[in-house]
Amino acid sequence: MTEWHTIPAKFSSEEKRILDKLRDKYGLNYNQSLKGGVELLSRLIAIVEVYVTTNAKTMKKIRKIGNKYTKNLE
């Protein structure tokens, strides 16, 4: 079962302004915005780690697959 934790945080006025824009434009509350940001950051870190640790042949395959699925989305 998932265990949930509440983490108090303080935000600068600039950060609060960004969170308010996300709430107004996309209908996300503060928690949804922050969870999305954490998920995005973790995915980016994982992509960078894969990119740094793999060889050129593997990266070529990854790019080819990525391009294929990008074309399918359009």
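Remember, predicted model here, so these are calculated numbers, not experimental data.

## Observations regarding the overall build of the protein
Part 1 of the reasoning: Counting secondary structure elements, the protein contains 3 helices and 0 strands.
Part 2 of the reasoning: Ordered by position in the sequence, the α and β elements of the protein form the string α-α-α.
Part 3 of the reasoning: In terms of overall dimensions, the protein is more spread out than a globule: its C-alpha atoms have a radius of gyration of 18 Å, far above the 11 Å expected for 74 residues.
Part 4 of the reasoning: Within the protein, the fraction of its 74 residues that count as buried is 5%.
Part 5 of the reasoning: Carbon and sulfur atoms make up 61% of the accessible area of the protein, which amounts to about 7400 Å² in all.
Part 6 of the reasoning: Side chains of the protein give 15 positive and 8 negative charges; the mean places of these two sets differ by 12 Å.

## Description of the confidence of the model for the protein
Part 1 of the reasoning: Per-residue pLDDT for the protein averages 86, and the proportion of residues at 70 or more is 97%.
Part 2 of the reasoning: Looking over the protein, one finds the lowest element-wise mean pLDDT in helix 3 (residues 56–73), namely 82, and the highest in helix 1 (residues 13–26), namely 91.

## Examining the pattern of salt bridges
Part 1 of the reasoning: Counted by the stated rule, this structure contains 5 salt bridges.
Part 2 of the reasoning: Arg 23 is paired through a salt bridge with Asp 20; the nearest N and O atoms lie 3.2 Å apart. Taken as a pair, Arg 23 and Asp 20 lie in helix 1 at a separation of 3 residues, close to a single helical turn.
Part 3 of the reasoning: The partly exposed category is assigned to Arg 23, whose relative accessible area is 36%.
Part 4 of the reasoning: The salt bridge involving Arg 23 is made with Asp 24; its shortest N-O contact spans 3.3 Å.

## Let's talk about a nonpolar patch on the surface
Part 1 of the reasoning: A cluster of nonpolar residues, Phe 11, Tyr 30 and Leu 34, forms a patch on the protein surface that exposes about 250 Å² of accessible area.
Part 2 of the reasoning: Among the secondary structure elements, Tyr 30 is positioned in helix 2 (residues 30–53).
Part 3 of the reasoning: Its relative accessible area of 31% is what places Tyr 30 among the partly exposed residues.

Conventions and cut-offs
- Residues numbered from 1 in each chain as written.
- Predicted model: local features only at pLDDT ≥ 70, side-chain atom pairs only at ≥ 80, totals over all residues.
- Heavy atoms only, no water.
- Helix = DSSP H or I, 4+ residues; strand = E, 2+ residues; numbered from the N terminus.
- Rg over C-alpha atoms; globule rule 2.2 N^0.38 Å.
- Buried < 20%, exposed > 50% of the residue type's maximum accessible area, 1.4 Å probe, protein only.
- Areas by Shrake-Rupley, 256 points an atom, 1.4 Å probe, with all protein chains shown as cover.
- Lys, Arg positive; Asp, Glu negative; His and termini not counted.
- Charge placed at Lys NZ, Arg CZ, Asp CG, Glu CD.
- pLDDT = per-residue confidence, 0-100.
- Salt bridge = Lys/Arg side-chain N within 4 Å of Asp/Glu carboxyl O.
- Patch = residues over 30% accessible without salt bridge, like charges linked within 9 Å, V, L, I, M, F, W, Y side chains within 5 Å.

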